[in-house]
Amino acid sequence: MTTTALAAETGAADRAGTAGAARSLALPGTARAAADARRFVRATLTDWAARRPPGAERLDGRLMDEAVLLVSELVTNAVVHAGTDVDVRCRLDADGLTVEVADRHPTRPVCGPHHGALPGGAGHGLQLVGAVATSWGITYDRAAKCVWFRLATAAPEPGTDRAPGHVPAARTAPDDAPAHRPEGPDGGYRPAPGRDLADTGGAYPDPDAPAAARPAAGYADAAYGAGSYSDTSYGYAAPGPGTSGAAAEWITHGAPTFLAEASDLLSGPLDADRIASLAAQLAVPRLADWCAVWLYDGEAGGPVPGTAGGDEPPRLAHVWHSRESLIDPLRLALEKAPPPGAPSQSCATDGSAVPWAWPEGADGAETAAEPEAPGSHLGAALACPLISGGLRLGTVLLGRSGLPRFPDAAVGLSEDLCRRVARAVATARAYSRQERISRVLQRRLLPHGRAQVPGVASAVVYEPRAGAWAGGDFWDLFDAGDGRWCFALGDVCGSGPEAAAVTGLARPVLRLLARDGFDVGAVLDRLNETMAREAADSVAAVAAAVAAEAGVQSSVGLRDEGEQARFLSLLYGEIVPHPDGSGGIRCTLASAGHPLPLVLGTDGAVRVVAAPQMLLGVVGDATYESEAFDLAPGETLLCVTDGVTERRSGRNQFDDDDGLARTLAACAGLPATGIAEHIRRAVHGFSPTPPDDDLALLVLQALPEGRTEGATG
């Protein structure tokens, strides 16, 4: 649980003087508060049911579902309308369960049925509390407001409900009733007459057994979302003629909790296959004995009746069965003879489910059943299309043994679940599509490789900050022709796709100008003119905005904030190996608003080899001067971005008191790759938190005479 919890088990007396138990939880007022509160209440009541403190004797699945549902409503109400942290407290005594939800905004009223309508249909939480709880109320003090409700655990009077709108509690079986019948012919245990299915570990009643040998009708199965066992249905809520009140109660109170928790779980993964796996495990065994999920991988989705769809067939993404030994036979049966369109044309465009043929061989044995006959004596199957945004994303196929058909209530609940699955799959597909586009574009923003410079060893470290779409830092090392090799290390002001777009412009321009024979200063001059024109367009856009505010027409179009021009810091240079073969290189470079490069001598001394100049794009007519120097054999040139020099730890920066120079001096005698790795580790180790900026560095090391080494690292 991702919250700060304060849980305490007490035996203090309550108001009536009866010993009980209590637990509390502090929750931050975030979107996760309701989900954390549901998990806390369910875990608390489950633990109490196992430990059996006073009052826990009647903590059944129905009461747990009601408590989880109501606490979810109250916590959501508190977070949305009070906007503060929330405290949840559960108290159990011999007569009932009390749950309190307190927020820190006592002067703001609780929104309920008597406080007027709220936008968007909100404000109905207390109507639900009033309908379900035995009693409820609101308590104010100076620092907090508390909404509480109470659910009675004492046995109700015969023939009466516990509260308005309640269905009588499910009948219970004698404590001395046997837990199981002998093992069935398929190897599974069968529930004994009158015994709760929850005690059987998930086995189902024998549909061919006489009525007297079946579980007593009306016994609630909290674990499976079940409630009614009749001649035609069992295992899920199926209210209707001849079914029990517990089934109707679960579909009214338990099903909303199930769907709420399903929504929370499905909103987490951003991978369609993981969502398919999760959907199958949510459906089994609450709604079905087995579940199969097909997904379309194409951008257009699958065919939807009455609409244009893709031709690519769906793939079977996941299969799940309540009996794991039958998963492989079921998958084989579905792969051999998948439903036509899996299924497609016969399903409605609104996501409505339709009966489907029971797959032949799904139980692991060949049968003589007609596969094309929905609702054979083997069981019932239900096909639910996954439709979102007008696209068919896949199909969920549910199967339940021993049923001629799925009850209407189970069909409706399955459709609700599949609509949530479809939305989750659509979100995952959109995320995957954007991630794929991002990867492709980012690969285009990076050079395909480093040129191998004769007599020079090189190494590069390039790490976009965690979670970045693409880095604003960039580097390059390429052959410019005529015995010249050029290098660049740049940093676009800003981050994200807008900064990456400038990166995608700067590198090709640098390569083009360099290969056209322009020297270092001329290359920067021309790139600066381009950047300055972008900045001038931004100034004109601001002027247009002012003119529009004053009611004056302007011919300049307005730019969005994300389209504003970006300035660029750049370290650019060229290297020429000495033609006499004596080793070493001639280096010419210029720094435009960039951290200055350093040279590490063979004696461990570090020196700066450039002067600071203006950022590119600030002043259109600025001129840039280059500086030339020799890099002797064994000497190393280090170029970094401000992600290295400005790496923070508290109030300190990595380059404070020449921190970068001291780190480089400690690298004397290391090869280029060793120097790059040493500095990378030093930057990461400077602070316990991950870097909050892109990290890039380029190392060029002149090799001794006669030695050659390709680009490494």
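Residues numbered from 1 in each chain as written. Predicted model: local features only at pLDDT ≥ 70, side-chain atom pairs only at ≥ 80, totals over all residues. Heavy atoms only, no water.

Where nonpolar side chains cluster on the molecular surface, the patch consists of Phe-567, Met-614, Val-618 and Val-619 and spans about 290 Å² of accessible area. Along the polypeptide, Val-618 turns up in the loop between β18 (612–613) and β19 (627–631). (Patch = residues over 30% accessible without salt bridge, like charges linked within 9 Å, V, L, I, M, F, W, Y side chains within 5 Å. Areas by Shrake-Rupley, 256 points an atom, 1.4 Å probe, with all protein chains shown as cover. Salt bridge = Lys/Arg side-chain N within 4 Å of Asp/Glu carboxyl O. Helix = DSSP H or I, 4+ residues; strand = E, 2+ residues; numbered from the N terminus.)

Grouped together as the largest cluster of nonpolar side chains are 39 residues, with contacts concentrated most on Cys-291, Leu-295, Leu-386, Val-396, Leu-417 and Val-421. Mapped onto this core, the elements with two or more residues apiece are α4 (245–266), α5 (272–283), β6 (290–295), β9 (379–388), β10 (391–401) and α7 (408–445). If you tally residues by element for this core, the top one is α7, at 10 residues. Residues in contact with Leu-417, not counting those within four places in the same chain, are Phe-258, Leu-259, Ala-262, Leu-282, Ala-283 and Leu-287. Of all hydrophobic cores here, the second largest spans 36 residues; its members include Ala-37, Val-75, Val-88 and Val-132. (Core = buried A, V, L, I, M, F, W, Y, C linked by side-chain atoms within 4.5 Å. Buried < 20%, exposed > 50% of the residue type's maximum accessible area, 1.4 Å probe, protein only. Contact = heavy atoms within 4.5 Å.)

To continue, consider the environment of Ser-414. Relative to the helices and strands, Ser-414 resides in helix α7. With relative accessibility at 1%, the residue Ser-414 sits in the buried group. A sequence separation of 31 residues divides Ser-414 from Ala-383, and the C-alpha atoms of the two residues are 9.5 Å apart. Residues in contact with Ser-414, not counting those within four places in the same chain, are Leu-287, Leu-382, Cys-384 and Leu-398.

Turning our attention to the sheet that holds strand β17 (residues 606–608). Ordered in space as β11-β23-β20-β16-β17, the 5 strands form an open sheet in which the pairing is antiparallel. What marks the edges here is a single partner per strand, and that holds for β11 (456–463) and β17. Averaged over all pairs of adjacent strands, the angle between strand axes in this sheet comes to 20 degrees, irrespective of strand direction. As paired strands, strand β16 (residues 598–600) and strand β20 (residues 636–640) are joined by 3 bridges and run antiparallel to one another. By the bridge assignment for β20, Val-599 is matched with Leu-637. The strands that helix α12 (residues 672–685) touches are β11, β16, β20 and β23 (695–702); relative to β23, the one it contacts most, it runs at about 150 degrees. (Pairing = 2+ DSSP bridges. Axes fitted to C-alpha atoms, helices over the stretch in contact; angles between N-to-C directions.)

Taken across its 10 residues, strand β14 (residues 568–577) has 9 buried, putting it largely inside the fold. Judged from the 8 bridges that link them, strand β13 (residues 484–492) and β14 form a sheet pairing that is antiparallel. Bridge pairing links Gly-490 to Leu-570 in β14. Of the pairings in the sheet, the one linking β14 to strand β15 (residues 585–592) comprises 8 bridges and is antiparallel in character. Paired with Glu-574 across the strands is Thr-588, a residue of β15.

A few words on the pairing of strand β12 (residues 473–481). The buried count for β12 comes to 7 of 9 residues, which makes it a mostly enclosed element. Relative to β13, β12 runs antiparallel, the two being bridged by 8 bridges. Across the sheet, Phe-478 pairs through a bridge with Cys-486, a residue of β13. Counting the residues that bridge the hairpin from β12 to β13 gives 2 residues, and of these Asp-482 lies at a positive phi of roughly 60 degrees.

Function cannot be read off these values alone, since they describe shape.
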